[in-house]
Amino acid sequence: METGIKRFIGDRRFYRHLMTIAVPIMVQNAITNFVSLLDNIMVGQVGTEEMSGVAIVNQLIFVYYLAIFGGLSGAGIFTAQYYGQRDDEGIRHTFRYKLWMGVIIAAIAIVVFLFFGESLISLFLNGDSSVGNIDEALRHGKTYLGIMLFGLPAIAFSFSYTGTMRDCGRTLMPMVSGIIAVLTNLVLDYLLIFGKFGFPELGVAGAATATVIARYVETAIDIIWCHTHTKIYTYAKGLYRSLRVPWRMVKELFVKGMPILINETLWSMGIALLVQCYSLRGMEVVAGLNIANTINNLLNVIYIAMGDAVAIMVGQLLGAGKMKEAKSTDNKIIAFAFASGFVVSGALVIASIFFPGFYNTTEQVRSLASGFILLQACFAPQIALLHTSYFTIRSGGKTWITFLFDSGVLWTISAPVAFVLSRFTSMEVLWVFVIVNLVDVLKCVFGLYLVTKNKWMNTITV
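It should be emphasised that the depicted structure is a prediction, and the values quoted were computed from it without experimental measurement.

Considerations on empty space enclosed by the protein
Using a probe with the size of a water molecule, rolled over the atoms, empty space left in the structure can be pinpointed.
Step number 1: Summed over all chains, the structure comprises two cavities of 30 Å³ or more.
Step number 2: Of the pockets and cavities examined, the second largest cavity occupies roughly 40 Å³.
Step number 3: Elements with a minimum of two residues in the lining of the second largest cavity: helix 5 (152-167) and helix 7 (204-228).
Step number 4: Top element by residues in the lining of the second largest cavity is helix 7. It accounts for three residues.

This is the structure we're talking about:
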């Protein structure tokens, strides 16, 4: 039996297995975020209004991303456990459920953005800005959103395929399709934003067009690869023989998955609300936070991948009924993620010095961006703990607890604190950011308490 510090440190074989799962996810996310970084810088070269409009719309699209992620993740818990039991028919049913859920969420999002897109963008354009024209930022945001709507269905299909592959421990192909997609995005960004090699100079519209095309390229690769390699993806045989999911399973998936859907949607909306609160200090804050988030998203892929590794490795062990091994594996992944948070912190501190200088914007925006990056560096280990604790609790199907743990704290404490400080005080925005993030210390304590109590260890596919 493992005791003391040995509970948190694995052997070479353990880390080799962990890296086999996590590295492809890290690489895919890193390349995706690196291209987003270059995309962001290219749009930032056009102007502050363009960068702010795109940043706001991406914040809204982020809500859709997490709604899709949440809607499909509930079924993904079952997929991982069915794979642990080698039950292909169970995997097929969860995949079909994902498709239906993805189509429904995409349809709802398109309707919402069509009718309320302008109003939603306007929520983030507040106050007297000294760095740009608010009306111009709104115009660019509407242009970008209008084109991005065409890519929402592709995201739903892509998430269904790549999510199922990952749940079954096959993380390499989603990485490959993701790399091809982001390289496509990058090349088209350069051609269409600046009008190179005879292509039209479309600016913001070019950035959106490139992103949509890249999404469909990724989706096509995922679908074709999965159905032409049925010896590997054995569940793909007869996948579309029927789109029917047994009603008993629909109810079970819905009951377990709905808390995740609600949680991810409310959490992403809560994050958007926090950004909206910060934006009351002016458009320069929107621009500065966008720059900071761009580099932060690139560097935090390490512990983001650790959360996925928990969902895959621990979920499969729970499905196979190996409870002690699941607990041991979880302890080691959480410890590794926490340590990686300090590596990310160091990288962010270095990035705060030079990264804002890549943008064609004012010195005020660059200064704010550096401040946000330094603060994100301080909170990186904390976020690593939060992320892996969340996926631990979720891996055993305790989805209502994850809802209270994640969105519950955000909407009852963090968001009200940000709302009051931004609207009823003149506190500098960086201090508001610090206080809001300090609230998450409570989540860390609560999350680690739940993990150590072992109530999350369940097999839900019996």
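More follows now that the structure is in view.
Describing the packing of helix 9 (residues 283-299) against helix 12 (residues 363-395)
Step number 1: The N-to-C vectors of helix 9 and helix 12 enclose an angle of 45°; their axes lie 8 Å apart at closest approach. Judged on the interaxial angle alone, helix 12 and helix 9 are oblique. Two packed elements cross with a definite hand, and for helix 9 against helix 12 that hand is right-handed. On helix 12, the residues that touch Glu284, Val285, Ala287, Gly288, Leu289, Ile291, Ala292, Asn293, Ile295 and Asn296 of helix 9 are Gln364, Val365, Leu368, Ala369, Phe372, Ile373 and Gln376.

With respect to the nonpolar core
Step number 1: Counting 127 residues, the largest nonpolar core has Tyr64, Phe113 and Tyr278 as its most contacted members.
Step number 2: No other element matches helix 2 (residues 48-84), which puts 15 residues into this core.
Step number 3: Ignoring sequence-local partners within four residues, the contact set of Tyr278 consists of Val285, Leu289, Val429, Val432, Phe433 and Val436.

Cut-offs applied
Residues numbered from 1 in each chain as written. Predicted model: local features only at pLDDT ≥ 70, side-chain atom pairs only at ≥ 80, totals over all residues. Heavy atoms only, no water. 1 Å grid on protein atoms, 1.4 Å probe; cavity = no way out; pocket = protein on both sides within 12 Å on 5 of 7 lines; lining within 4 Å. Points joined across faces, edges and corners; volume = space filled by probe spheres on them. Helix = DSSP H or I, 4+ residues; strand = E, 2+ residues; numbered from the N terminus. Axes fitted to C-alpha atoms, helices over the stretch in contact; angles between N-to-C directions. Parallel < 35°, antiparallel > 145°, perpendicular 65-115°, else oblique. Left-handed = near helix turned anticlockwise from the far one by under 90°. Contact = heavy atoms within 4.5 Å. Core = buried A, V, L, I, M, F, W, Y, C linked by side-chain atoms within 4.5 Å. Buried < 20%, exposed > 50% of the residue type's maximum accessible area, 1.4 Å probe, protein only.

It is worth stressing that arrangement in space is one thing and function is another; only the former is reported here.
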